[in-house]
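Descriptive structure summary
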Amino acid sequence: MYKQQNHRVLRGRLRRFVVRAMAIVQVAWVGDAEARQPVLPADSPAAQPDVLAEYYRRAAGSKLSPKQRRALAQLLYHPVARSPAVVALATGYPVPTTFAGVLATAGPTSDRELLAALDEVEKVAIVDTWVVALLWNRLGDIPEPKTMPARLLRRKLLHRLTTHARLATALVRARAEVSRIEFAPWRSKAAPPPGYRRGPSSLEIAVAVGRHYKRADPGTWTSSAVSEVRVRRGKSGLDLIRGGQAVKLHARFTLGRLDLLETTKEVVLQTSVGPVTLPAGRQLSAWQLPTLVAGDTQKNVDALILSALAGDEQALTTLSEVLPFAHLSLRRAVQKSPEAKGAPGLRMLLALFDDAVVRTENPNPAPSPAP
């Protein structure tokens, strides 16, 4: 009787020990599995592990030749001479069909076409900030969305462009971790050693990129060519859309190039050059804002441009603070007085605003020679 009781006690203790051990192992396994799951945007084709691995395989290849560097400069600074062939030469691989069509076709396109082009380039592991610049600049040729579906599509496009810029930042930051293992085949006639791999696995790459993506920002898209503005009237009728989502709006905020302003009633913003009135029922990007600058505010902008053309550095600094509202006037002034003393400074501001893809008012000018 005594022995049977002891056996029951031992069996009970053993059962509890096994249950606890299994629970500990399960928690540890689940925690490790969760830690190895990449934290990346689900709606971006470029964020797939296999695509990220392909990106680094290309990055580990040969460097750009002098001819490719000249083609890349032509791509960024001479958009008139841009073509799919130039892009292919600059990047070292063919350009997807839809993206090539967007590059080669002058004039208006659509948000849907730009999204399709972005999907294409991301699927073939082309991730770079110049992609954002090329597609974002095409928004200047597309009319402002009027219907709710069109506005939601515009939000989605700017969200995807922001995601692409953040992913480009994360890929650069994660390169040191990923490149510790060389992407190279086994070159010996003998069998490779146990555990040899041609490079890190796709999942390892995705996890490394995901760690950096959580802290990555869109780079110059949120730090350059921004404008500090204050809401003078109508704050309740204004929404600031950043990364495709409405964010908390304060009386004073920073307006970036990838942001949208949506109004349900008339809103008056105060800038460093004067007030700007936003009509009700609009979805405004940095491409529509200059058309709303009028009256004394426009006179202030014109006076600053004249001073900047004459070489006034303080006027140039003030203009850099209101580029989302003044870039259209800057373009016209530079085209009218390209040889003025301060024209190079204004062109520098436009290159900053366009992220080096400098636009022109004339949609069909003569091609510029390759540098």
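For the structure, check the block above.
Residues numbered from 1 in each chain as written. Predicted model: local features only at pLDDT ≥ 70, side-chain atom pairs only at ≥ 80, totals over all residues. Heavy atoms only, no water.

**A closer look at the overall build of the protein chain**
For the protein chain, the helix and strand inventory stands at 14 helices and eight strands. For the protein chain, with 371 residues in total, the buried portion stands at 44%. In the protein chain, the proportion of contacts linking residues at least 24 apart, taken out of those at least 6 apart, comes to 68%. For the protein chain, the computed accessible surface area is about 19,700 Å², with 57% contributed by carbon and sulfur atoms. (Helix = DSSP H or I, 4+ residues; strand = E, 2+ residues; numbered from the N terminus. Buried < 20%, exposed > 50% of the residue type's maximum accessible area, 1.4 Å probe, protein only. Contact = heavy atoms within 4.5 Å. Areas by Shrake-Rupley, 256 points an atom, 1.4 Å probe, with all protein chains shown as cover.)

**Remarks on helix α6 (residues 111–123)**
For α6, with 13 residues, the first-to-last C-alpha span of 18 Å sits near the 18 Å given by 1.5 Å per residue. Those residues of α6 that sit buried are Asp111, Leu114, Leu115, Ala117, Leu118, Val121 and Glu122. Across the axial projection of α6, the buried residues extend over an arc of 160 degrees, all falling on one side. When the buried face of α6 is taken as reference, the exposed residues oriented beyond 90 degrees from it are Arg112 and Lys123. On its buried face, α6 sits against α2 (49–59), α5 (97–104), α7 (129–138) and α8 (148–178). Just past α6, the residue Ala125 takes up positive phi, approximately 65 degrees. (Expected span 1.5 Å × (residues − 1). Arc of directions from axis to C-beta.)

**A look at the pattern of salt bridges**
Scanning all chains against the criterion turns up 11 salt bridges. A salt bridge links Arg155 to Glu262; the nearest nitrogen and oxygen atoms lie 2.7 Å apart. Remark: Glu262 occurs in strand β5 (residues 260–263) and Arg155 occurs in helix α8; sequence separation between them is 107 residues. Assessed through its relative accessible area of 14%, Glu262 is described here as buried. Two residues, Arg233 and Glu266, come together in a salt bridge whose shortest N-O distance is 2.8 Å. In this pair, Arg233 sits in strand β1 (residues 227–233) while Glu266 sits in the loop between β5 and β6 (267–271), placing the two residues 33 residues apart along the sequence. Taken together, the salt bridges that share partners define one network made up of Asp119, Glu122 and Arg160. (Salt bridge = Lys/Arg side-chain N within 4 Å of Asp/Glu carboxyl O.)

That's the geometry; what it means functionally is another story.
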